[in-house]
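# Descriptive structure summary
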Amino acid sequence: MVRRCILHFGMHKTGSTSIQKSLFHLNEDVPWVYLHAGKPNASVAVQTMFCNRLGRNSRHTKEGLNDAEIKRRKQKYFKRMETRIASTDKDVLLSGEGISVLSEIELRRLLDVGATRALNTL
């Protein structure tokens, strides 16, 4: 069976929050798994995992995180996503407006890592 990762990266102020909350609260009867980092919007997690420059996310600045703390958070997010992907044979869906601000290189890394991890869990 071929597994897919569906990315939803609606622009800010376009109703993405409503979509994310609905996806986050759906039951297990749907044919895919909603990937999240404990909150409906995965923007902070995605930016933490894939942005080239640490601390680029304003949340990191607001929380006063140093580089070591950001790296630990990055590892935590990767582990959480890997565990969730490995726990299912369903397609996965990831949503976050923050995906739309990734550079082309960062987006390619997200796609490469996602494809590799999905294939490794088959």
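Higher on the page you've got the structure.
Right, let's walk through the structure included here. (Residues numbered from 1 in each chain as written. Predicted model: local features only at pLDDT ≥ 70, side-chain atom pairs only at ≥ 80, totals over all residues. Heavy atoms only, no water.)

### A short note on the nonpolar core
Formed by 20 residues in total, the largest nonpolar core has its most connected members in Leu 35, Val 46, Met 49, Phe 50, Tyr 77, Leu 94 and Leu 102. Of all the elements in the fold, those that place two or more residues in this core are β2 (32–35), α2 (43–50), α4 (67–86), β3 (91–95) and α5 (104–120). If one sorts the elements of this core by residue count, α2 sits on top with five residues. Counting residues in each nonpolar core, the second largest holds five residues, with Leu 23, Trp 32, Tyr 34 and Leu 93 among its members. (Core = buried A, V, L, I, M, F, W, Y, C linked by side-chain atoms within 4.5 Å. Buried < 20%, exposed > 50% of the residue type's maximum accessible area, 1.4 Å probe, protein only. Helix = DSSP H or I, 4+ residues; strand = E, 2+ residues; numbered from the N terminus.)

### Some remarks on the layout of surface pockets
Each pocket or cavity is described by its volume, and for the second largest pocket that value is around 230 Å³. Residue lining of the second largest pocket: Ala 37, Lys 39, Asn 41, Ala 42, Ser 43, Val 44, Ala 45, Arg 59, Glu 63, Arg 73, Lys 76 and Tyr 77, and that is the complete set. (1 Å grid on protein atoms, 1.4 Å probe; cavity = no way out; pocket = protein on both sides within 12 Å on 5 of 7 lines; lining within 4 Å. Points joined across faces, edges and corners; volume = space filled by probe spheres on them.)

### Brief notes about a positive patch on the surface
On the surface, Lys 39, Arg 59, Lys 62, Lys 76 and Arg 80 cluster together into a positively charged patch. Elements supplying a minimum of two residues to the positive patch: α3 (58–63) and α4. If you trace the backbone, Lys 76 turns up in helix α4. (Patch = residues over 30% accessible without salt bridge, like charges linked within 9 Å, V, L, I, M, F, W, Y side chains within 5 Å. Areas by Shrake-Rupley, 256 points an atom, 1.4 Å probe, with all protein chains shown as cover. Salt bridge = Lys/Arg side-chain N within 4 Å of Asp/Glu carboxyl O. Lys, Arg positive; Asp, Glu negative; His and termini not counted. Charge placed at Lys NZ, Arg CZ, Asp CG, Glu CD.)

### What to know about the environment of Gly 98
Here Gly 98 is to be found in the loop between β3 and α5. Looking at Gly 98, the relative accessible area reads 3%, which means it is buried. On a C-alpha basis, the gap between Gly 98 and Ala 45 in space is 8.9 Å, while along the polypeptide they are 53 residues apart. Not counting the four nearest positions on each side in its chain, Gly 98 is found in contact with Ser 43 and Gln 47. (Contact = heavy atoms within 4.5 Å.)

### Concerning the sheet that holds β2
The three strands are arranged β1-β3-β2 in an open sheet whose pairing can be described as parallel. Looking at which strands have only one partner, the edges of the open sheet turn out to be β1 (5–8) and β2. Taking the axes of each pair of neighbouring strands and ignoring which way they run, one obtains an average angle of 25° across the sheet. One ladder, built from four bridges, connects β1 with β3; its direction is parallel. (Pairing = 2+ DSSP bridges. Axes fitted to C-alpha atoms, helices over the stretch in contact; angles between N-to-C directions.)

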